[in-house]
Amino acid sequence: MNTHFSRLGARSLIALVVLALSIAGVAAMPSSRAAAPLTFHVTLGAASPDMALMGMAFYPSDLTVHRGDLVVFTDYLIEPHTVTFGVDGPITNPFAFFAPQNLTGLGTATFTNTGILNSGLLVPNGPFGNSLALTVDVGPGTYAFQCALHPLMHGTITVVPDSQKLPHTDAQYQHMAHARMTVDVAHARDIAEASAEAAATASDIEGTGIEVAVGGGNGVSTVMRFFPSDLTIQVGDTVTFVNRDPFTPHTVTFGAEPPGGDQGLVAPANRSVPFNTATDYDGSFNLSSGFLLSSLPWGNMFSVTFTAPGTYGYICGLHDLMGMVGTVTVEA
């Protein structure tokens, strides 16, 4: 009898000890949330060293964080971007988002998922800086953001409960982001080759068959060059400039740019009407295609008939600082 109760008592004691250790272990177990808020980094866009090839994406584009964490968005390139929350559907007027909206200070914001939060144009040496430090102050859920300038440039921030472990550290996100940058820039190189070949064959447009490809892209991988960038033709020849990127606008601008900055470049300047006819050009006036995009009334093609010998330089008014410039040499 005593032996029976001794064994039972021993078993009960062991069970109590195990239970006590378990409770102590649970109490001592650290929360999945870090003691201090974590900081995550997102890079806006990617580019080859000469800025000819670009990736129009957030790197990384999708993050998982805890409430109170900080997400720092930075644009290191001269191609501007925005970080814009709270807009449903595509942005049809990007100019409305050039200035910041609902920030807590220059380059700082707290995201509460209330209305629109917009960084304004982020670009090095720009009036609003090139970075936005965003404090995430919102409950669990997935929240979308986008760039107002580039239609396929989207991302999400997913907020999880404090008790849930985050899937990746900032360092891991950066490793994945750089891998994605490499892929997107490589795709842009393939697109550049395709644009150059299309211009050389000019098999998909009507007219003289003398074509200059104006960039190229698929909405993420983008080319900032003319193909060919230096062209020699004869007096009376017509050159057709074709924007081969359905998402990124470009211009073909001879002489001085129209006033008004980027907005002044939207519409054609001194271009013949109807817009599908060629404009005669002898270098004596300023001439600009306007934004070349198939969705605009003047389309993605711009034809010029050169009526006098000379060398005529032109630029993309949006991307000339990236090296998107060209010349047409007209021989008698």
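## Points about the overall build of the protein
Helices and strands together make up the secondary structure of the protein, namely 3 helices and 20 strands. Among the 332 residues that make up the protein, the fraction classed as buried is 43%. In the protein, the share of contacts with a sequence separation of at least 24, taken over all contacts with a separation of at least 6, comes to 70%. For the protein, the computed accessible surface area is about 15900 Å², with 59% contributed by carbon and sulfur atoms.

## Some thoughts on the pattern of salt bridges
Taken as a whole and judged by the stated rule, the model has 4 salt bridges. A salt bridge links D137 to R67; the shortest N-O distance between them is 3.0 Å. You can see D137 sitting in the loop between β8 (131–136) and β9 (141–146) and its partner R67 sitting in the loop between β3 (62–66) and β4 (70–74), a full 70 residues away along the chain. Note on R67: relative accessible area 41%, which makes it partly exposed. When the shortest N-O distance is used, the salt bridge between R244 and E211 registers 3.0 Å. Taken together, the positions of R244 in the loop between β14 (238–243) and β15 (253–254) and E211 in strand β11 (residues 211–217) put the pair 33 residues apart, joining distant regions of the chain. For R244, a relative accessible area of 21% corresponds to the partly exposed category.

## Examining the sheet that holds β15
Sheet strands pair via backbone hydrogen bonds, and the direction of the pair is either parallel or antiparallel. Strands sit in the order β13-β20-β19-β15-β17 across an open sheet of 5 strands; the sheet is mixed. Pairing within the sheet leaves two strands with one partner each, and these edge strands are β13 (230–234) and β17 (287–288). Direction of pairing for β15 relative to β17: antiparallel, over a ladder of 2 bridges. Across the sheet, the residue bridging to F254 is L287, located in β17.

## Observations concerning the packing of aromatic side chains
The tally for this structure, following the rule as stated, stands at 20 aromatic pairs. Ring geometry for F241 versus F254: centroids 6.3 Å apart, planes at 70°, classification edge-to-face. Linking F241 in strand β14 with F254 in strand β15, this pair joins segments that are 13 residues apart in sequence. We note that F241, like F254, is buried. Centre to centre, the rings of Y281 and Y312 are 5.6 Å apart; their planes meet at 65°, and the pair counts as edge-to-face. On the criterion of sequence distance, the pair formed by Y281 in strand β16 (residues 279–281) and Y312 in strand β19 (residues 310–315) is long-range, its members being 31 residues apart. Note on accessibility: Y281 and Y312 belong to one class, buried.

Rules and cut-offs
Residues numbered from 1 in each chain as written. Predicted model: local features only at pLDDT ≥ 70, side-chain atom pairs only at ≥ 80, totals over all residues. Heavy atoms only, no water. Helix = DSSP H or I, 4+ residues; strand = E, 2+ residues; numbered from the N terminus. Buried < 20%, exposed > 50% of the residue type's maximum accessible area, 1.4 Å probe, protein only. Contact = heavy atoms within 4.5 Å. Areas by Shrake-Rupley, 256 points an atom, 1.4 Å probe, with all protein chains shown as cover. Salt bridge = Lys/Arg side-chain N within 4 Å of Asp/Glu carboxyl O. Pairing = 2+ DSSP bridges. Phe/Tyr/Trp six-rings, centres within 6.5 Å; stacked < 30°, edge-to-face > 60°.

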